[in-house]
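# Examining the three-dimensional arrangement
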Amino acid sequence: MASNYPNGSSRFSHVKQTSNDLDSDIGSVEFATYTVQIPATPDNQPAGVSLQRSTSQRVEDQYASSSMFTGGYNCITRAQLKDKVIETDTSHPQMTWAKGSYCTVPGCDAQVVTDERGLDIVPCECGYKICMDCYRDAMRNGESICPGCKEPYKEMDMNEYGVTMRQQRLSTDGMSKTERRMSRMKSKSMKSKALVESQAIEMDQNQWLFETKGSYGYGNAMWPKADVNGGHDGMGGDPKMFKEKQWKPLTCEVTISAAILSPYRLLVLARLVALGLFLQWRVRHPNEDAVWLWLMSVICEFWFAFSWILDQLPKLCPINRIAYVDVLKEKFETPNPSNPTGKSDLPGIDIFVSTADPEKEPPLVTANTILSILATDYPVEKLACYVSDDGGALLTFEAMAEAASFANLWVPFCRKHDIEPRNPESYFSMKRDPYKNKVRSDFVRDRRQIKREYDEFKVRINGLPDSIRRRSDAFNAREEIKAMKLRRENRDDEPVENLKFPKATWMTDGTQWPGTWVISAPEHTKGDHASIIQVMLKPPSDEPLKGTEDDLNSMNLSEVDIRLPMLVYVSREKRPGYDHNKKAGAMNALVRASAVMSNGAFILNLDCDHYIYYSQAMREGMCFMMDCGGERLCYVQFPQRFEGIDPSDRYANHNTVFFDVNMRALDGIQGPVYVGTGCLFRRVALYGFDPPSLKERDSCCSGFFAKRKKTSSVASAPEVDSQDGSVELDNDNEEMGLSLIPKTFGNSSLFVDSIRVAEFQGRPLADHPSMKNGRPIGALTLPRELLDASTVAEAISCISCWYEDKTEWGQRVGWIYGSVTEDVVTGYRMHNRGWKSIYCVTKKDAFRGSAPINLTDRLHQVLRWATGSVEIFFSRNNALLASSRMKFLQRIAYLNVAMYPFTSIFLIVYCFLPALSLFTGKFIVQELNVTFLVYLLGITITLILLAVLEIKWSGIELEEWWRNEQFWLIGGTSAHLAAVLQGLLKVIAGIEISFTLTSKSGGDDADDDFVDLYIFKWTSLMVPPITIIMINLIGMGVALCRTIYSDAPKWSALLGGSFFSFWVLAHLYPFAKGLMGRRGRTPTIVYVWSGLLAITISLLWVAISPPSSSDGIGAVGNRIGSPVTE
């Protein structure tokens, strides 16, 4: 809605409420009486009366779900009812454009809206069918007379609460939608309080003995001990938990075996001591013959030691975790006295999928990601999927509509036959037997049908660009004919060739697309278009919706819930002159729009090419959020796994060392860093609030709605009554709050009201006396609020380009702006406020995505990451400026994230040192003595042993560790160096440079699964590694010839220089292999560059140090040539 209050400001109700956040013992939870009447709730119903929605509410919900909403800066928000958005029709009742009967009002051919089961919604008991527009006209004339029976319209469910709807509206006057929902959720605690108290006291000793590993000894109970890995089966071995038998943990922390971790830490200490002694020896024993060579090497070695310490210290506390999904189901979805029907008590999740360009991110890939989300194993009514199309392309819009249409077959098929994975492209491409463990007799028939439907779906997606072009050409031709006809009627003498007609892009219903047109026009470009919101799949009903048993040619879905989660297409407004902040700005727009429309307590963000591989992944993540202490978690990060990588993983695309070593280790400190995708967020943590303190009674939003603290980004400052914990707003504090709220979150009253609800819904269950910040059992079993047009209109205003002006969005709230790697900065801000995060490694890969496998794309990916790290180092997000709430080792980890690109400066120098040593005949030490070799051997052996132990506790392969080492040097000598240069120029001179791709070759074999691996695109990032390879090869050749033909050969210098040159070349081998491409297909430009570099280096060396007649190769030449001249 535009706003409930003037100018969109928020309003605080002067009410007093006793603390209900369950920070005190559960038995002391009390609620004061509101001055407004609370609507009836499911636990306060007359016998035999269920909670129903009024007809007008259902009609309004269908209208809001079937309309495209547009608006923006200096634009009126419009809602245009869409009965068709794709060429094909669908009969699924939950589709927003599902077909109903035709309106019976004379002269109207519109269709009647339908409910969740596809039945017509009629507002009068006489059954007269009327469409939405005619119904509104009848209500607007003031008489509200039904055109059929000529009687006034009545609410069909006026006996719902024993009062009429008019009385109900009067009783809730002054309460917003979110306030009403909050009061209904809180009222659930009145019954759950007594139940929890009684359950905490009752205890069946025999059942406890059976469920645990305890046994009776000689008159005493023998308590079980913890297992070897440090975990336990709910009870553990502590006798103090005897009275708390019925409470079961949702997660378990499994520590690494001391037999592995203790030697690992000792080796870290040993290598640290060895490095200190080695550097001390290096400083005290300079090479007098080549001081410049010695000095450069010592400086590089000091930096390498410092960099190793930054990387190694955060790895000292690795841990593993286990989530118990069966316990989660038992607690939240099993019938109990507080929840007799067994409705899901899990909090809602809003899933964000971001895409920007359908040419670079194929719509079919995005559609498969959407289908995997819609089919995930989580309560349907608790899910909402938002697709952010930052390019505003009609191609993406219609592809998502096609995906929503195909979902009505794919999702029930997955539920019926327990399909994994639930991405159709991946499922039908599996190489394993699809019939394994399938016992239903109709599986083969159903699979064949779905496979045929999916093939047709892919053809439709692939044909969308051509279909949109043909349709637009036809409509544009029609408009031109109309314009020419109008011109002739007006007798306009202007020449036809001077007339210019806009080439619009048209939708299937014959209206112009409000987003980006294929042929750009004013207000229809990627950087200039209106806000768009279209509900593709409307919010599902609260009760399961079973399918039907149709003819033999379709699936039997009579036992399958065919409901689909809500799916919303969102394209935020873009206008010239505004900084839209790329992906971070798009994510913040989704945060606000979703808060208004569905307000899930948790947010899962995915890239468009990362799909849900394991359907229960979100349940495992929710185990951590809902467990004891979960209220202090800001996010749960899942590892990234990739498909389509070549078997040898030539360029370390899997990043297994980072995801399985570094991230596991950070999980033992304060939590892993946020890596941009596959992350389950707590919504209120994104709002900039501090985590709740276990010693305080206030929730994490108390800083916003209660007393203002210096360290939290709050927007009001009400006083807290120290006697009863109640929250009161006096006049001064209310005035202060009203002035500060728009400066923090903007002027949307609906968004501000949603914050309390999101915080309450995100709390763990108060099912145990030790749960000091929980919520009542069964509080989230209430049905979701239906959509209405005013709510979607409010969401449109929240994604307008001007909404963030003079607010803290991107500064303290939401995704943080100002860096290419906004993900790392956003996670850093949360850890800096004291939040913790969790690393969730599921039994199967939670998510899978794609990654660039050719050399050039991989280098540019690494360049983007390294550039973001350099920006972080020169910003206020540098870990050196972190608060005291961040743990020391976590601070070291973030410091390493910001500083690792600078290692490239020293690394590239060190890679040239072996060649310089070979050219000059000097070495970094005076001579290869025993002391130097012992130090070198000790440092190398400890490094190898550390790698072996890391492989042991992380589970990675030795080859993966070696590939990571290789690409560390490849990236360090190319992309990292360019990132440092780019960052320094941007910070010092304000100059931004880019590295472009030029020629392209290879990749012509379409039959090869890894054809992209051989694609070669030249980029200037390749110059430094090629130079290093050529110089080291030439240096080895020159040194070998000089040593062989020298009168006094220095084999030690040759051995030392050659060893280090070989070390460099071995690390750069994948890079050289990538340059070669397929056998016989080496690009000509590689030969050209290699020849030019070899000639240039040779001429420079001859000019700098010409050969003498008495030494080296020149002397040999003289001796050979003298007999000939004589």
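All of the points below concern the structure found in this document. (Residues numbered from 1 in each chain as written. Predicted model: local features only at pLDDT ≥ 70, side-chain atom pairs only at ≥ 80, totals over all residues. Heavy atoms only, no water.)

Turning our attention to the sheet that holds strand 14 (residues 641-643). With mixed pairing, three strands are arranged side by side in an open sheet as 12-19-14. Strands with a single pairing partner mark the edges of an open sheet, and in this sheet they are strand 12 (611-612) and strand 14. Where strand 12 and strand 19 (residues 847-850) come together, two bridges link them in antiparallel fashion. Counterpart to tyrosine 611 in the pairing with strand 19 is arginine 848. (Pairing = 2+ DSSP bridges. Helix = DSSP H or I, 4+ residues; strand = E, 2+ residues; numbered from the N terminus.)

With that out of the way, let us pick up a positive patch on the surface. Together, Arg432, Lys436, Lys843 and Lys844 make up a region of like positive charge exposed at the surface. Position of arginine 432 among the secondary structure elements: in the loop between helix 12 (424-428) and helix 13 (443-462). (Patch = residues over 30% accessible without salt bridge, like charges linked within 9 Å, V, L, I, M, F, W, Y side chains within 5 Å. Areas by Shrake-Rupley, 256 points an atom, 1.4 Å probe, with all protein chains shown as cover. Salt bridge = Lys/Arg side-chain N within 4 Å of Asp/Glu carboxyl O. Lys, Arg positive; Asp, Glu negative; His and termini not counted. Charge placed at Lys NZ, Arg CZ, Asp CG, Glu CD.)

Now for the pairing of strand 1 (residues 67-72). Counting buried residues in strand 1 gives six out of six residues, a clear majority hidden from the surface. On strand 1, burial covers both faces: Ser67, Phe69 and Gly71 on one face and Met68, Thr70 and Gly72 on the other are all buried. Once strand 1 ends, the chain turns through two residues before running back antiparallel as strand 2 (residues 75-81), passing asparagine 74 with a positive phi of about 55 degrees. In the sheet, strand 1 pairs with strand 9 (residues 531-537) via four bridges, with the strands oriented antiparallel. Bridge pairing links glycine 71 to serine 531 in strand 9. (Buried < 20%, exposed > 50% of the residue type's maximum accessible area, 1.4 Å probe, protein only.)

Right, let's get into the sheet that holds strand 11 (residues 602-607). With respect to topology, 10 strands assemble into an open sheet ordered 2-1-9-10-8-7-11-15-13-18, the strand pairing being mixed. Since the sheet does not close on itself, it has two edges, and those belong to strand 2 and strand 18 (836-839), each with one partner. Between one strand and the next, the sheet's axes are offset by a mean angle of 20 degrees, whatever the strand orientation. As judged from the five bridges shared by strand 9 and strand 10 (residues 566-571), these two strands associate in the antiparallel manner. Residue pairing for strand 10: glutamine 534 is matched across the bridge by tyrosine 569. Against the sheet, helix 10 (residues 363-374) touches strand 7 (349-355), strand 8 (383-389), strand 9, strand 10 and strand 11, its axis set at about 175 degrees to strand 7. Packed onto the sheet, helix 15 (residues 582-597) meets strand 7, strand 8, strand 9, strand 10 and strand 11 and runs at close to 145 degrees relative to strand 7. (Axes fitted to C-alpha atoms, helices over the stretch in contact; angles between N-to-C directions. Contact = heavy atoms within 4.5 Å.)

A few words on the nonpolar core. One finds Tyr386, Ile533, Met597, Phe681 and Tyr687 to be the most contacted residues of the largest nonpolar core, which totals 147 residues. Element by element, the count of residues in this core is highest for helix 7 (residues 258-284), at 10 residues. Leaving out residues up to four positions away in the same chain, methionine 597 has contacts with Tyr386, Ile533, Val535, Val568, Leu787, Thr791, Val792 and Ala795. Formed by 91 residues, the second largest nonpolar core is a distinct cluster that contains Ala375, Cys385, Met507 and Met622. (Core = buried A, V, L, I, M, F, W, Y, C linked by side-chain atoms within 4.5 Å.)

Between two packed helices, both the angle of their axes relative to each other and the distance between the axes serve to describe the pair. Where helix 23 (residues 822-832) meets helix 25 (residues 888-899), the closest approach of the two axes is 12 Å, and the angle between their N-to-C directions is 160 degrees. It follows that helix 23 is roughly antiparallel to helix 25 by the angle criterion. As helix 23 packs across helix 25, the resulting crossing turns out to be left-handed. Counting all contacts with helix 23, which are made through Val824, Gly827, Tyr828 and His831, the residues of helix 25 involved are Gln890, Tyr894 and Val897. Here the residues of the contact of helix 23 with helix 25 sort into four nonpolar, three polar and no charged. (Parallel < 35°, antiparallel > 145°, perpendicular 65-115°, else oblique. Left-handed = near helix turned anticlockwise from the far one by under 90°. Nonpolar A, V, L, I, M, F, W, Y, C, P; charged D, E, K, R; others polar.)

So, on to helix 10. Helix length check: helix 10 (12 residues) gives 16 Å between terminal C-alpha atoms against 16 Å at 1.5 Å per residue, within 8%. Within helix 10, 11 of the 12 residues are buried, leaving the element largely enclosed by the surrounding structure. Among the residues making up helix 10, those that are buried are Pro363, Leu364, Thr366, Ala367, Asn368, Thr369, Ile370, Leu371, Ser372, Ile373 and Leu374. (Expected span 1.5 Å × (residues − 1).)

This next bit is on a nonpolar patch on the surface. A surface patch of nonpolar side chains, about 330 Å² in accessible area, is lined by Leu269, Leu272, Val273 and Leu277. Here leucine 269 lies in helix 7.

Considering the arrangement of structural elements, one finds arginine 833 in the loop between helix 23 and strand 18. Here arginine 833 sits buried without a salt bridge, and the closest side chain of opposite charge, aspartate 690, lies 4.6 Å off (N-O distance). Here the side chain of arginine 833 touches phenylalanine 689 through a polar contact of 3.4 Å, landing on its backbone oxygen. Contacts of arginine 833, omitting those with residues within four sequence positions, involve Ala685, Gly688, Phe689, Asp690, Pro691, Arg812 and Arg885. (Polar contact = N/O pair within 3.5 Å; in protein donor to acceptor, adjacent residues only side chain to side chain.)

Moving on: the side chain of glutamate 398. Within the element layout of this structure, glutamate 398 appears in helix 11 (residues 394-417). What makes glutamate 398 buried here is its relative accessible area of 2%. Among the polar contacts made by the side chain of glutamate 398, one reaches the side chain of arginine 471 at a distance of 2.8 Å. For glutamate 398, the contacting residues outside a window of four places in its chain are Val85, Ile86, Leu464, Ile468, Arg471, Met507 and Thr508.

Running from N to C, helix 24 (residues 855-873) and helix 25 point in directions that differ by 115 degrees, and their axes come no closer than 7 Å. Each of Ser869, Val870, Ile872 and Phe873 in helix 24 lies in contact with helix 25, whose residues at this interface are Val897, Ala898 and Met899. Grouping the amino acids of the contact of helix 24 with helix 25 by side-chain chemistry returns six nonpolar, one polar and no charged.

Before going further, it helps to spend a moment on unusual backbone geometry. Omega for the bond connecting glutamate 420 with proline 421 falls within 30 degrees of zero, at -10 degrees, which places this linkage in the cis form. Within the secondary structure layout, proline 421 lies in the loop between helix 11 and helix 12. The residue aspartate 418 is not glycine, and still its phi comes out positive at about 50 degrees. In this structure, aspartate 418 sits in the loop between helix 11 and helix 12. Of note, asparagine 599 is a non-glycine position whose phi angle comes to about 55 degrees, a positive value. Within the secondary structure, asparagine 599 is located in the loop between helix 15 and strand 11.

Moving on, we get to the environment of glutamate 620. By the element assignment, glutamate 620 lies in helix 16 (residues 617-626). A sequence separation of 298 residues divides glutamate 620 from isoleucine 322, and the C-alpha atoms of the two residues are 8.7 Å apart.

Geometric descriptors of this kind do not, in isolation, establish any biological role.
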